[in-house]
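Coordinate inspection notes
Each chain, letter by letter, is given below.
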Amino acid sequence: DTEVTQTPKHLVMGMTNKKSLKCEQHMGHRAMYWYKQKAKKPPELMFVYSYEKLSINESVPSRFSPECPNSSLLNLHLHALQPEDSALYLCASSQDPKSTDTQYFGPGTRLTVL
Amino acid sequence: AQSVTQLDSQVPVFEEAPVELRCNYSSSVSVYLFWYVQYPNQGLQLLLKYLSGSTLVKGINGFEAEFNKSQTSFHLRKPSVHISDTAEYFCAVSRADSNYQLIWGAGTKLIIKP
């Protein structure tokens, strides 16, 4: 099974809302990633979790809050977002950050902030 | 630092014709090279990767790529395209010693003309 699942597929939220994105993998991968992708652009790395610990934060605003409750699950908590945060949010996983293994991507959550 | 250049933002090609999508990179250290495909409204899927060894790499869906170290290129080819190949194609590189940080090209949209 080489699948990364993400829920929800679509999310519309107001600027005062609090919502969460969920990502799950059952491949035994110990590295998990959040990316943001704007239309017609490549993905931008946001966060990297290595062995359930946050190892990389690419200067992401605090209105995005990642959480890794266990080795299979990765959440992204959203609060007080701006319209410019509307994008496709992609989760990925790999064996571990220092391996040569591939990053496997989920289908993404398309977020619209009104 | 590494960088990736995909010179063609769009490549139109007739169905059943061959196609080449160009990717050039720059790096002062050894890198791994990847091609990912993103179908409309979907996540990213790995097409193929070069880590070491044979410079001709075969991937899924009939795609192949050739690593050329002297020209710092990793062009993607397919001998005969189908309508279903319509997608955005991203070239990416990572440092050979730590592949959490994928450096992405801007992407090339492959447009198949019937």
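Residues numbered from 1 in each chain as written. Chains lettered and ligands numbered in written order. Predicted model: local features only at pLDDT ≥ 70, side-chain atom pairs only at ≥ 80, totals over all residues. Heavy atoms only, no water.

Concerning the layout of surface pockets
Remark: the empty space left among the atoms is shown by a probe the size of a water molecule rolled over them. Counted only if it meets this: Points on a 1 Å grid over protein atoms alone make up a cavity when a 1.4 Å probe fits among them but cannot get out, and a pocket when they form an open set with protein on both sides within 12 Å along at least five of seven lines; lining residues each have an atom within 4 Å of a point. Grid points are joined across faces, edges and corners, and a volume is the space filled by probe spheres set on the points. Under the scheme used here, helices are H or I runs from DSSP no shorter than 4 residues and strands are E runs no shorter than 2 residues, and both carry numbers assigned from the N terminus. Three classes are used: nonpolar for Ala, Val, Leu, Ile, Met, Phe, Trp, Tyr, Cys and Pro, charged for Asp, Glu, Lys and Arg, and polar for all others, with Gly counted as polar.
Size it by volume and the largest pocket reaches roughly 480 Å³. Lining the largest pocket are 23 residues, with Ala39 and Lys40 of chain A together with Gln38, Glu88 and Lys109 of chain B positioned closest to its centre. Per-element tally for the lining of the largest pocket: the top contributor is strand β10 (residues 87-95) of chain B, with three residues. Grouping the amino acids of the lining of the largest pocket by side-chain chemistry returns eight nonpolar, eight polar and seven charged.

Quick look at the pairing of strand β8 (residues 64-68) of chain B
All names here are of chain B. Where we set the bar: Only strands that DSSP links by at least two bridges are regarded as paired with each other.
Examined bridge by bridge, strand β7 (residues 56-58) and β8 share three bridges and lie antiparallel to one another. Directly across from leucine 56, in β8, lies its bridge partner glutamate 66. The hairpin turn running from β7 into β8, its antiparallel successor, is five residues long, and asparagine 61 in that turn takes a positive phi close to 60°. Where β8 and strand β9 (residues 73-78) come together, five bridges link them in antiparallel fashion. By the bridge assignment for β9, phenylalanine 67 is matched with phenylalanine 74. The antiparallel hairpin formed by β8 and β9 contains four residues in its connecting segment, where threonine 72 sits at a positive phi of about 45°.

Describing the pattern of salt bridges
Residues and elements named next belong to chain B. Where we set the bar: Salt bridge, as applied in this entry: a Lys or Arg side-chain nitrogen positioned within 4 Å of an Asp or Glu carboxyl oxygen. Relative accessibility decides the category of a residue: with a 1.4 Å probe and only protein chains considered, values under 20% of the type maximum give buried, values over 50% give exposed, and everything between is partly exposed.
Summed over the entire model, instances satisfying the criterion amount to eight salt bridges over all chains. For the salt bridge of aspartate 8 with arginine 22, the shortest nitrogen-to-oxygen distance reads 2.9 Å. Residue aspartate 8 is found in the loop between β1 (3-5) and β2 (10-14), and its partner arginine 22 is found in the loop between β3 (19-21) and β4 (24-26); the two are separated by 14 residues along the sequence. Residue arginine 22 is classed as partly exposed on the basis of its relative accessible area, which comes to 32%. Note that lysine 58 and glutamate 64 form a salt bridge whose closest N and O atoms lie 2.8 Å from each other. The network of salt bridges with common partners includes Glu20, Glu66 and Arg77.

Concerning the interface of chain A and chain B
Convention followed: Here, two residues are considered to be in contact whenever any of their heavy atoms come within 4.5 Å of each other. Values labelled buried area give the accessible surface lost by two parts on being combined, using a 1.4 Å probe and summing over both. Polar contact criterion, stated in full: a pair of N or O atoms within 3.5 Å, where within protein one must be able to donate a hydrogen and the other to accept it, and residues adjacent in sequence count only if both atoms are side-chain atoms.
Facing 25 residues of chain A, the contacting portion of chain B comprises 20 residues. Around 1700 Å² of area is buried between chain A and chain B when both sides are counted, 52% of it from carbon and sulfur atoms. Here chain A is connected to chain B by zero salt bridges. Viewed at the interface, chain B and chain A are joined by three residue pairs in polar contact (both at pLDDT 80 or more). For the side of chain A that touches chain B, the secondary structure elements donating two or more residues are β4 (31-37), β5 (44-50) and β9 (87-94) of chain A. Broken down by element, the side of chain A that touches chain B gets its largest block of residues, three residues, from β4 of chain A. For the side of chain A that touches chain B, a count of residues per class yields 12 nonpolar, six polar and seven charged.

Observations concerning the packing of aromatic side chains
Where we set the bar: Aromatic pairs are defined between Phe, Tyr and Trp rings, using the six-membered ring for Trp, whenever the two ring centres lie within 6.5 Å; interplanar angles under 30 degrees are classed as stacked, those over 60 as edge-to-face, and all others as tilted. Comment: the charge-over-ring label is applied if NZ (Lys) or CZ (Arg) is within 6 Å of the ring centre and within 35 degrees of the ring normal.
For the coordinates displayed, the defined rule picks out 12 aromatic pairs over all chains. An angle of 85° between the planes, with centres 5.4 Å apart, marks the rings of phenylalanine 105 of chain A and tyrosine 36 of chain B as edge-to-face. One end of the pair, phenylalanine 105 of chain A, is in strand β10 (residues 104-105); the other, tyrosine 36 of chain B, is in strand β5 (residues 31-38), on a second chain. Comparing phenylalanine 105 of chain A with tyrosine 36 of chain B, the two get one shared label, buried. Following the ring pairs from residue to residue traces out a cluster consisting of Tyr33, Tyr35 and Phe105 of chain A together with Phe34, Tyr36, Phe90 and Trp104 of chain B. A cation over a ring is seen here: lysine 113 of chain B above phenylalanine 14 of chain B, with NZ or CZ 4.2 Å from the ring centre.

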